[in-house]
Amino acid sequence: MKAHFLNGEFVSDENLLISPRDMGFSRGYAVFDFLKTYPRHRPFKLPEHLDRLYNSARLIGLSLPWKKEEVRRWVIETLAANSTDEEKFIKIIVSGGVSDSMLPPARPSIIIIVDPAVQYPRECYEKGVGVITVKHERYNPAAKSNNYIEGVKQTQLAEKIGAVEPVYYSDTQAFEGSNSNLFALINNTLLTPRTNILEGVTRNVLLEMLKLPVLVKVKDFTVDEFRNAAEAFLTGSGKEITPVTMVDGKPLGNGTVGPITKDVMRQFRDYTLSDSW
């Protein structure tokens, strides 16, 4: 039986319940973070994920009464309560708490969900995936909040043409996927946007550890530059490094997974399997 953490107790799926009056449900006032374990069930970059969770809460004005070390310990204990062989996905949610008004109570709700890790089909990594481009600017993009309305709506449209998710953009900049960061090989330089994004943990790991035959830069670029890139890929805790080979139903580059993307995938895989983190 799977065990999850809910406000200080381990509960089963059936008892993983919060009140409809909780502000995360009634107002969408909540933040979360998401990570994966790697061999020996090590939660990947847990301190960095907790830093981002606390920063997200700060950005939306949600006060957290627990120290990071306490939440870290709860994550480790919840993992231990799910001691099966497969690697895990971990989702930490902090919700506003029960309130009948627009004012949050003194104590929010905290939920830690542990599920078996599920990987994209191998074909997605070997042949790449499609995305659609959607003109949309997320509210408070540096906060990983529970507001995914546009993402849910546009992912349904993406699925109709065999794509996996939308990539958001404005008149001046391509931003990110609905639940991923974006990298694009433009003019022989691998770029990832600097502004108006959620800084992903996987993205930051790549920026620190990649060794490539091209420059790697944090620099904004336009949606047209993205559409005309030689290669591109999405990054995230669940999807890891996912090549993009179709944009809006048309091939990106030559429509295959490029050599730089393959190199990034290999380096990230080697890093996650190592003891260096």
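Scroll up to find the structure.
Please read these numbers as outputs of a predicted model, since none were measured by experiment.

### Things to note about the overall build of the protein
Alright, step 1. Regarding its fold elements, the protein presents 8 helices and 15 strands.
Alright, step 2. Scaling as 2.2 N^0.38, a compact globule of 277 residues should have a C-alpha radius of gyration of about 19 Å, and the protein matches this with 19 Å.
Alright, step 3. By its C-alpha atoms, the protein is 50 × 40 × 30 Å across when sized along the principal axes.
Alright, step 4. Within the protein, the fraction of its 277 residues that count as buried is 52%.
Alright, step 5. Put simply, 68% of the contacts in the protein that link residues at least 6 apart link residues at least 24 apart.
Alright, step 6. When the accessible surface of the protein is totalled, it reaches about 13800 Å², and 52% of it is carbon and sulfur.
Alright, step 7. Within the protein, one finds 34 positive and 34 negative side-chain charges whose respective centroids are separated by 3 Å.

### Looking at the environment of Glu225
Alright, step 1. For Glu225, the position within the fold is in helix 7 (residues 223-227).
Alright, step 2. With 167 residues separating them along the chain, Glu225 and Arg58 place their C-alpha atoms 34 Å apart.
Alright, step 3. Separated by 2.8 Å, the side chain of Glu225 and the backbone nitrogen of Thr222 make a polar contact.

### Notes on the sheet that holds strand 5 (residues 88-95)
Alright, step 1. Ordered by their spatial adjacency, 6 strands build an open sheet running 2-1-6-5-3-4, and the pairing between neighbours is antiparallel. Of all strands in the sheet, those bounded by a partner on one side alone are strand 2 (9-11) and strand 4 (42-43).
Alright, step 2. Relative to strand 4, strand 3 (residues 30-38) runs antiparallel, the two sharing 2 bridges. Bridging across to strand 4, Thr37 finds its partner in Pro43.
Alright, step 3. The sheet strands contacting helix 3 (residues 68-80) are strand 1 (4-6), strand 2, strand 3, strand 4, strand 5 and strand 6 (109-116), and the helix crosses strand 6 at an angle near 35°.

### Observations concerning the packing of helix 6 (residues 201-209) against helix 8 (residues 259-273)
Alright, step 1. At their nearest, the axes of helix 6 and helix 8 sit 11 Å apart, and the two run at 100° to each other. As judged from the angle between their axes, helix 6 and helix 8 are roughly perpendicular. Mapping the contact onto sequence places Thr202, Val205, Leu206 and Met209 in helix 6 and Val264, Gln267, Phe268 and Tyr271 in helix 8.
Alright, step 2. Of the residues in the contact of helix 6 with helix 8, the class split is 6 nonpolar, 2 polar and no charged.

### Some remarks on the packing of aromatic side chains
Alright, step 1. Counted by the stated rule, this structure contains 12 aromatic pairs.
Alright, step 2. Between the aromatic rings of Phe5 and Trp74, the centroid separation amounts to 4.8 Å while the plane-to-plane angle is 25°, which identifies the pairing as stacked. With Phe5 in strand 1 and Trp74 in helix 3, the pair connects residues that are 69 residues apart, well separated along the chain. The same class applies to Phe5 and to Trp74, which are both buried.
Alright, step 3. Summarising the aromatic geometry, the rings of Phe44 and Trp277 are spaced 4.8 Å apart at their centres and angled 75° between planes, so their arrangement reads as edge-to-face. With Phe44 in the loop between strand 4 and helix 2 (46-60) and Trp277 in the segment after helix 8, this residue pair connects regions lying 233 residues apart in the sequence.
Alright, step 4. Following the ring pairs from residue to residue traces out a cluster consisting of Tyr38, Phe44, Phe268, Tyr271 and Trp277.

Thresholds, definitions, all that
- Residues numbered from 1 in each chain as written.
- Predicted model: local features only at pLDDT ≥ 70, side-chain atom pairs only at ≥ 80, totals over all residues.
- Heavy atoms only, no water.
- Helix = DSSP H or I, 4+ residues; strand = E, 2+ residues; numbered from the N terminus.
- Rg over C-alpha atoms; globule rule 2.2 N^0.38 Å.
- Buried < 20%, exposed > 50% of the residue type's maximum accessible area, 1.4 Å probe, protein only.
- Contact = heavy atoms within 4.5 Å.
- Areas by Shrake-Rupley, 256 points an atom, 1.4 Å probe, with all protein chains shown as cover.
- Lys, Arg positive; Asp, Glu negative; His and termini not counted.
- Charge placed at Lys NZ, Arg CZ, Asp CG, Glu CD.
- Polar contact = N/O pair within 3.5 Å; in protein donor to acceptor, adjacent residues only side chain to side chain.
- Pairing = 2+ DSSP bridges.
- Axes fitted to C-alpha atoms, helices over the stretch in contact; angles between N-to-C directions.
- Parallel < 35°, antiparallel > 145°, perpendicular 65-115°, else oblique.
- Nonpolar A, V, L, I, M, F, W, Y, C, P; charged D, E, K, R; others polar.
- Phe/Tyr/Trp six-rings, centres within 6.5 Å; stacked < 30°, edge-to-face > 60°.

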